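# Fold and geometry: a report
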Amino acid sequence: MAFARHSTWEAALLTFFGRLGGRVVGAPSILAADFAELAEEVRRAERGGAELVHFDVMDNHFVPNLTVGPAVAASLAAAVDLPIDAHLQITNPDNLIPAFIEAGVVGISVQPEVVTHLHRTLGMIRAGGCEAGVALNPTTPPRQIVWALPYVDYVNVMSVNPGFGGQRFIPEMVEKVRQLKEMTDVPIEVDGGITSETAPLVVEAGAQVLIAGSAVFKGDPATEMRRIIEAGERASQHFS
Ligand code: DX5
Ligand code: ZN
């Protein structure tokens, strides 16, 4: 049975980020996948050890790109076994959060740069039985979410400007992960330019969820996903 197809109360027991412990995991970003065979692309990455699907939602307002919405999330959740983490790179996320909850995703992250009432939005996500995340633009300081942290289940450190896959990793984001790790115990994702070369840098700084799009789908997704996870795991063992 797909992880995401549980009822609300069951989903609350089956949280993803809350049960991560200290593990490093790989999350393929569907942005770089072949959308005509999305479920199969996810299964390919799963064969390489992926444990979470990173589902990029873009609206051509917050970011200059347009992707997919709750209908595709619902179809994918029904077709694959991995849990889905929806990264809402959109203005007015409150309008779409109920539909993503209904679609069966396990986590929803929003960009605080475009959320006026962040406390309310995070509460809405949790009330729907999903884990609530904040995704920070590269220049958004960690202190911006200090007062939101009690209501946050994971943080996504954007290591490129949101909107497109295949961009270069911004190296200053390693220090940002380090600062966030000192502020909170919730799992930290890193999103953008993650490869087997950059994964160890962010894991050493405290990141646990390695989101990768182009580096996974540029070749055989199982091989490339495994390469990234193993690079991250080696760095984690080295520093634990
Ligand atoms: C960018 C997205 C990322 C993107 C990462 O706005 O949030 O998830 O897919 O792609 P890569 O791994 O190619 O940098
Ligand atoms: Zn993303």
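If you're wondering where the values come from, they're calculated on a predicted model, not measured in any experiment. (Residues numbered from 1 in each chain as written. Chains lettered and ligands numbered in written order. Predicted model: local features only at pLDDT ≥ 70, side-chain atom pairs only at ≥ 80, totals over all residues. Heavy atoms only, no water.)

## A short note on the overall build of the protein
- The secondary structure content of the protein amounts to nine helices and eight strands.
- Over its C-alpha atoms the protein spans a radius of gyration of 16 Å, differing by no more than 12% from the 18 Å that the globule rule assigns to 240 residues.
- For the protein, the spread of C-alpha atoms along the three principal axes comes to 40 × 40 × 35 Å.
- Counting the 240 residues in the protein, one finds 55% classified as buried.
- Long-range contacts, defined as pairs at least 24 residues apart, comprise 66% of the intrachain contacts of the protein with a sequence gap of at least 6.
- Of the charged side chains in the protein, 17 are positive and 28 negative, and the gap between their average positions amounts to 3 Å. (Helix = DSSP H or I, 4+ residues; strand = E, 2+ residues; numbered from the N terminus. Rg over C-alpha atoms; globule rule 2.2 N^0.38 Å. Buried < 20%, exposed > 50% of the residue type's maximum accessible area, 1.4 Å probe, protein only. Contact = heavy atoms within 4.5 Å. Lys, Arg positive; Asp, Glu negative; His and termini not counted. Charge placed at Lys NZ, Arg CZ, Asp CG, Glu CD.)

## Topic: the nonpolar core
- Within the largest apolar cluster, 64 residues are counted, with the highest numbers of intra-cluster contacts made by F55, L76, L88, F100, V155 and I194.
- Setting aside residues up to four positions removed in sequence, L76 forms contacts with I30, L38, A39, V42, V53, F55 and I84.
- Within the second largest apolar cluster, 10 residues are counted, among which are F17, L20, L52 and Y154. (Core = buried A, V, L, I, M, F, W, Y, C linked by side-chain atoms within 4.5 Å.)

## What to know about the site of ligand 1
- The local shell around ligand 1 holds 19 residues, among which D56, Q89, G163, D191 and S214 are the closest.
- H87 has a polar side-chain atom sitting 3.3 Å from an oxygen atom of ligand 1.
- Contacts to ligand 1 include G193, whose backbone N or O atom sits 2.8 Å from an oxygen atom.
- Look at ligand 1: alone it shows 380 Å² of surface, and the protein chains cover 99% of it.
- Those elements that provide at least two residues to the shell around ligand 1 are β2 (53-58) and β3 (84-89).
- Element by element, the count of residues in the shell around ligand 1 is highest for β2, at three residues. (Near = heavy atom within 4 Å. Polar contact = N/O pair within 3.5 Å; in protein donor to acceptor, adjacent residues only side chain to side chain. Areas by Shrake-Rupley, 256 points an atom, 1.4 Å probe, with all protein chains shown as cover.)

## A short note on the coordination of the zinc ion (ligand 2)
- The zinc ion (ligand 2) binds to the protein through H54 (NE2), D56 (OD), H87 (ND1) and D191 (OD), with metal-donor distances spanning 2.1 to 2.3 Å.
- Donor residues for the zinc ion (ligand 2), ordered by position in the chain, follow H-x1-D-x30-H-x103-D. Of this pair, H54 sits in strand β2 while D191 sits in strand β7 (residues 188-191); the two residues are 137 residues apart in sequence, bridging distant segments of the chain.
- Since its relative accessible area comes to 0%, H54 is described here as buried. (Donors = N, O, S within 2.8 Å, 3.2 Å for Na, K, Ca; no water.)

## Quick word on the pattern of salt bridges
- Under the definition given, this model contains eight salt bridges.
- Two residues, E224 and R227, come together in a salt bridge whose shortest N-O distance is 3.2 Å. Taken together, the residues span about one helical turn, with E224 and R227 both in helix α9 (residues 221-239) at a distance of three residues.
- Given the relative accessible area of 12%, E224 is considered buried.
- One salt-bridge network, in which partners are shared between bridges, spans E37, E41 and R44. (Salt bridge = Lys/Arg side-chain N within 4 Å of Asp/Glu carboxyl O.)

## What to know about the sheet that holds strand β8 (residues 209-212)
- With respect to topology, eight strands assemble into an open sheet ordered β1-β8-β7-β6-β5-β4-β3-β2, the strand pairing being parallel. Both edges of this open sheet fall to β1 (25-28) and β2, since each of them pairs with a single strand only. The average angle at which neighbouring strand axes cross in this sheet is 25 degrees, direction not considered.
- Note: β2 against β3, six bridges, orientation parallel. If you follow D56 over to β3, its bridge partner there is H87.
- Packing of helix α6 (residues 173-183) onto the sheet brings it into contact with β5 (131-136), β6 (154-158) and β7, and relative to β6 it is tilted by some 165 degrees. (Pairing = 2+ DSSP bridges. Axes fitted to C-alpha atoms, helices over the stretch in contact; angles between N-to-C directions.)

## Focus on the confidence of the model for the protein
- Here the protein averages 95 in pLDDT, while 93% of its residues score no lower than 70.
- The model gives residues 1-6 a pLDDT under 50, and that stretch makes 16 contacts with residues more than four places away or in other chains. (pLDDT = per-residue confidence, 0-100.)

## Examining a nonpolar patch on the surface
- Residues V146, W147 and M183 make up a contiguous nonpolar surface patch of about 350 Å² in total accessible area.
- Turning to its location among the elements, W147 is positioned in the loop between β5 and β6. (Patch = residues over 30% accessible without salt bridge, like charges linked within 9 Å, V, L, I, M, F, W, Y side chains within 5 Å.)

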